[in-house]
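# Summary of structural features
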Amino acid sequence: MKIEKWEGVHIDEVFNDVITQIAPKGKVLGVGDSAFPHAILNMKYFHDHPVEEGVAININKPDLGQLNNFNVIYCNGHDVCYEDNYFDFVYTVMMLEHDPQFWLSVQEMHRVLKPGCPLMIAIPGFVGEPEYAVVDPRDHWGHGVSCYQNHTDCDCYRFSPDFFEFFALKDFDNATVYHAMFPPRLIGVGYKPKDKKQ
């Protein structure tokens, strides 16, 4: 799996640049996104390239509504209310660290994503000391997930690139993990294999 540093002025620009590189079209699902101006669904790419069907799901009722041609509906990421292989692009940004059972949300994202289509997961992570290059053998990548109480009871996970390689993007095609900022934000992108139905 490729691991690359993504240079960017601000993390919102990094997210928009990565999404622009993916260039999603068709039916898009944002897991944990909201109807607020800072939302991913309100980024420049989606203003410049309206999607066929834009849906975001959230379990916080104040986050529901409509924004930039997306409907933000009440739905739990552990049981996404759409059929298998429905969406052309699925993303989640800075949500999984708040999900006590994040693996259920990841499995559902896999299920509703069409084969051959991209999945993007952005999470807070750890990649080693900032003075070392990302390919430096002195870096300690960890073993997937670190659990601790951070800001609140429901902000408890931090992830390493191994999370993508051995779970979230395992067996996905062209999987790449970008990291930006310090402390790092990890952005994993991969394409569901065309022969994988769920």
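The rules we used
Residues numbered from 1 in each chain as written. Predicted model: local features only at pLDDT ≥ 70, side-chain atom pairs only at ≥ 80, totals over all residues. Heavy atoms only, no water. Buried < 20%, exposed > 50% of the residue type's maximum accessible area, 1.4 Å probe, protein only. Helix = DSSP H or I, 4+ residues; strand = E, 2+ residues; numbered from the N terminus. Pairing = 2+ DSSP bridges. Phe/Tyr/Trp six-rings, centres within 6.5 Å; stacked < 30°, edge-to-face > 60°. pLDDT = per-residue confidence, 0-100. Contact = heavy atoms within 4.5 Å.

Right, let's talk about the pairing of strand β3 (residues 53-58) for a bit. Here β3 lies mainly inside the structure; 5 of its 6 residues are buried. For strand β2 (residues 27-31) and β3, the ladder comprises 5 bridges, and the chain directions are parallel. Across the sheet, residue Lys27 finds its bridge partner in β3, namely Glu53. Bridge count for β3 against strand β5 (residues 70-74) is 5 bridges, and the pairing is parallel. The residue bridging Gly54 from the neighbouring strand is Phe70, located in β5.

Next up on the list: the packing of aromatic side chains. If you walk through the whole model with that rule in mind, you get 15 aromatic pairs. Where Phe102 meets Tyr157, the ring centres are 4.9 Å apart and the plane angle is 80°; that geometry is what we call edge-to-face. Here Phe102, found in helix α3 (residues 102-112), pairs with Tyr157, found in strand β9 (residues 157-159); they are 55 residues apart in sequence, far enough to count as distant. A residue is classified by how much of its surface remains accessible, and Tyr157, at 11% relative accessible area, is buried. Arranged with centres 5.3 Å apart and planes meeting at 85°, the rings of Phe102 and Phe159 form a pair that is edge-to-face. Here Phe159 lies in strand β9 and Phe102 lies in helix α3, a separation of 57 residues in the sequence. We classify Phe102 as buried; its relative accessible area is 7%. A connected cluster of aromatic rings, assembled from ring pairs, spans Phe102, Trp103, Tyr157, Phe159, Phe163, Phe164 and Phe167.

Here the focus is the confidence of the model for the protein. Regions with low pLDDT should not have their predicted coordinates read in detail. Scored by pLDDT, the protein comes out at a mean of 86, with 82% of its residues at no less than 70. Below pLDDT 50 for its whole length, residues 129-143 participates in 23 contacts with residues either more than four positions away or in separate chains.

Here α3 lies mainly inside the structure; 8 of its 11 residues are buried. Within α3, the full set of buried residues consists of Phe102, Ser105, Val106, Glu108, Met109, His110, Arg111 and Val112.

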